[in-house]
Number of protein chains: 2
Amino acid sequence: MKTVPCKVFAPATVANVAVGYDILGFAINGIGDEVLIRKGSKPGLVISNIRGNKTLSKDPQKNTAGYCALKVMEHLGLENEPIEIELLKKMPIGTGLGSSAASSVAGAYAVNAYLDYPLKDRELLRFATMGEQLADGSFHADNVAPSLLGGFILIRDNTTLDHVRLPSIPGLKAVVIYPHITVLTRDSRAILKDHVALETHVAQSGNLAAFVSALFRSDIELLRRSLTDNLIEPQRASLIPGFYKMKEAALDLGALGFSISGAGPSMFALCMNTFDAENIIEKAKTIYRDQQIDITCYLSDINLEGAKKY
Amino acid sequence: MKTVPCKVFAPATVANVAVGYDILGFAINGIGDEVLIRKGSKPGLVISNIRGNKTLSKDPQKNTAGYCALKVMEHLGLENEPIEIELLKKMPIGTGLGSSAASSVAGAYAVNAYLDYPLKDRELLRFATMGEQLADGSFHADNVAPSLLGGFILIRDNTTLDHVRLPSIPGLKAVVIYPHITVLTRDSRAILKDHVALETHVAQSGNLAAFVSALFRSDIELLRRSLTDNLIEPQRASLIPGFYKMKEAALDLGALGFSISGAGPSMFALCMNTFDAENIIEKAKTIYRDQQIDITCYLSDINLEGAKKY
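Remember, predicted model here, so these are calculated numbers, not experimental data. (Residues numbered from 1 in each chain as written. Chains lettered and ligands numbered in written order. Predicted model: local features only at pLDDT ≥ 70, side-chain atom pairs only at ≥ 80, totals over all residues. Heavy atoms only, no water.)

### Remarks on the pairing of strand β1 (residues 6-15) of chain A
Residues and elements named next belong to chain A. Note the following rule: Each residue is assigned to one of three classes by its accessible area relative to the maximum for its type, calculated with a 1.4 Å probe on protein chains only: buried under 20%, partly exposed between the two thresholds, exposed over 50%. Secondary structure is summarised from DSSP: a helix means a run of H or I of at least four residues, a strand means a run of E of at least two, and numbering begins at the N terminus for each. Note: two strands are recorded as paired if DSSP finds a minimum of 2 bridges between them.
Most of β1 is tucked away: nine of the ten residues are buried. For β1 and strand β2 (residues 24-39), the ladder comprises nine bridges, and the chain directions are antiparallel. Along β2, the bridge assignment pairs F9 with E34. Looking at chain direction, β1 and strand β12 (residues 308-309) are connected through two bridges and run antiparallel. Residue pairing for β12: V8 is matched across the bridge by K309.

Next up, the structure:
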């Protein structure tokens, strides 16, 4: 069996994207997790090292990267193959940027790359989603799928993981603002009502369908009109200090839309050019300096590659 | 001012389309309403005749075709122009096939055609939607917009009437089965719960977004997987005798999807060929003969023209 020691990268992701709670996400550049993979010294998977985070377990059953790697090995009947991985957490956890998803994808992708690609990328999705489930208890692929596959991914059905690659619009930029506060995904889910008013469902559906249409048509103005969250954002905004102030500023500065990334506390804007994006980041620095909250900002193209070996 | 006596046709429509309650509809061929329009003998709008229905009022304030015609005339400052219309109801009312919408569109379109098109088709949408509001009390354009514009139309927002033309898939066929029973739109709306479970919202959203994607990609199998109503159909199916028996039969016979048309009692299937469509119609005749309910069936391409003069 040919094996290929290598390093893989899986990008951070913005899920929900205002209109697609639990079913929509896109990948960004410049932030994500890495896994180094090589031949181990004894049968089975060993996590030899974790850099960038001191709290994560090295037990493959408790670490999303290790867990997903192991699930791929088991699926292939190679759970006794001597494999050693190192996890390089290059993003903080609890950001709303798909940290557990990036680790999950990196783990699953690394094993598959090491074994010279016995599985197709999209076949890895189920194993990567198992890592997400390990992390927050819910089987949903709206972070995992774009981290793995790149671009905008729609999850038609989180049970079967039936998914659709949506086109991006050339030139589209994402601004991500990560305020250094703690919002746990569990808490962010718990705050949501378990019911939606029918009229809110109708409004949210209209915007979702129009947003998807805007991507297929490369219709920027339709995207601008449709990128509005009537459902989740009003319930979660209170968890993020200064959210509405930041949103208003971003829209004033030309953002096509602005909302919460995943379960928060990160926020994202989509923009049509770097100029608007940079202005929004400058404004964010001012707003959160006043709030006495540290932030990290990212300006990214839509990452169309997803996970990759390098 | 140039005036053009003419006859216009506005087609029947299938609204909701399983995945897009209140925001999605498409137009069909072979059924709809007509309006004849000519110079009148006194100032203002007169409905001189209604054929095909004995219950409708000839008062333009109470008749959807007349009301919409009048609204267009008022908008143009031509409410005193002597205009006479005849309404040819070529479809029954209370079918779930957009009967009031077809009359509304025919009325608005006829005045605009008679006056040599001072307004663009899409500018007529607001006036036609006013007719819909007159008929059932709710301002929604999911029947009116496809009847006016043809094809699949998404209404992003029923307040602003911001809408999007979705592509159809070449060769797509619609089967419509109208059982001769009475289901009032008001009753069909009243039966709906005013809240949606969050998980149902997520499932329905996934299918809606995938359905829109399927149209843009001409992806028949994705359309088949996504054309499922988790929300409205389970609440309304009890209003239509034999609904689930008919649905199961249609899917067994190759329908891409089967659900309720608008507020019912009509049902629709989408099919990829005439062969499947005809088999479904034959089966419907058997099923409803056993139920002792008369039915009328239609086999149609997606009507891409919408309202037209001829």
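### Points about the relation of the copies chain A and chain B
The line we're drawing: What sets the superposition is a least-squares fit of C-alpha atoms, and only residues with pLDDT of at least 70 in both copies go into it. Working rule for contacts: check all heavy atoms of both residues, and any pair within 4.5 Å makes them a contact.
For the pair chain A and chain B, the superposition axis carries a translation of 0.0 Å, the fit reaches an RMSD of 0.0 Å, and the rotation angle comes to 180°. In symmetry terms, the pair is related by a two-fold rotation axis. In this assembly the copies share their binding face: 100% of the residues contributing to the interface of chain A also contribute to that of chain B.

### As for the interface of chain A and chain B
For clarity, the cut-off: Buried area, as used here, totals the accessible surface that two parts lose on assembly, with accessibility defined by a 1.4 Å probe and the loss added over both. When a carboxyl oxygen of Asp or Glu lies within 4 Å of a side-chain nitrogen of Lys or Arg, that pair is called a salt bridge. N or O atoms closer than or at 3.5 Å make up a polar contact, with two conditions inside protein: a donor-capable atom paired with an acceptor-capable one, and, for residues adjacent in sequence, both atoms drawn from side chains.
Taken residue by residue, the interface counts 34 residues in chain A and 34 residues in chain B. Of the roughly 2800 Å² buried at the junction of chain A and chain B (both faces included), carbon and sulfur atoms supply 69%. Together, R156(A), L198(A) and H201(A) form the three largest contributors to the area buried by chain A at its contact with chain B, with a combined 22%. Joining chain A to chain B, the criterion identifies two salt bridges. Of the charged contacts, one joins D162(B) and R225(A) as a salt bridge, the two residues approaching to 2.6 Å between their closest N and O atoms. On inspection of chain A and its partner chain B, the count reaches eleven residue pairs in polar contact (both at pLDDT 80 or more). Those elements that provide at least two residues to the side of chain A that touches chain B are β5 (152-157), β6 (162-166), β8 (195-197), α6 (198-217) and α7 (220-226) of chain A. The element contributing the most residues to the side of chain A that touches chain B is α6(A), with 14 residues.

### Considerations on helix α2 (residues 99-114) of chain B
Residue and element names in this part refer to chain B. Stated precisely, the cut-off is as follows: Each residue after the first adds 1.5 Å to the expected span of a helix.
The end-to-end C-alpha separation of α2 is 22 Å, in line with the 22 Å expected for 16 residues at 1.5 Å each. Burial runs high along α2: 15 of the 16 residues are buried. Phi turns positive, to about 65°, at D116, one or two residues after α2.

### Side note on the sheet that holds strand β9 (residues 257-260) of chain A
Residue and element names in this part refer to chain A. The line we're drawing: Lines fitted to the C-alpha atoms define the axes, with helices restricted to the stretch that makes contact. Angles between their N-to-C directions range from 0 to 180 degrees.
Strand order across the open sheet formed by four strands is β9-β10-β7-β11, with antiparallel pairing between neighbours. Looking at strand neighbours, the two that pair on one side only are β9 and β11 (295-301), the edges of this open sheet. When strand polarity is set aside, the average angle formed by the axes of neighbouring strands in this sheet is 15°. Relative to β11, strand β7 (residues 173-179) runs antiparallel, the two sharing seven bridges. When the sheet's bridge partners are listed, V176 is paired in β11 with Y298. In the packing of helix α9 (residues 243-252) onto the sheet, the strands contacted are β7, β9 and β10 (267-271), and the crossing angle to β9 comes to about 160°. Here helix α10 (residues 274-290) sits on the sheet and contacts β7, β10 and β11; the angle it forms with β11, its principal contact strand, is near 175°.

### Examining the sheet that holds strand β9 (residues 257-260) of chain B
Residue and element names in this part refer to chain B. In space, the four strands of this open sheet follow the order β9-β10-β7-β11, with antiparallel pairing throughout. Either end of the sheet is taken by a strand with one partner, and the two such strands are β9 and β11 (295-301). Averaged over all pairs of adjacent strands, the angle between strand axes in this sheet comes to 15°, irrespective of strand direction. With four bridges connecting them, β9 and strand β10 (residues 267-271) associate as antiparallel partners. Bridge pairing in β10 places G257 opposite L270.

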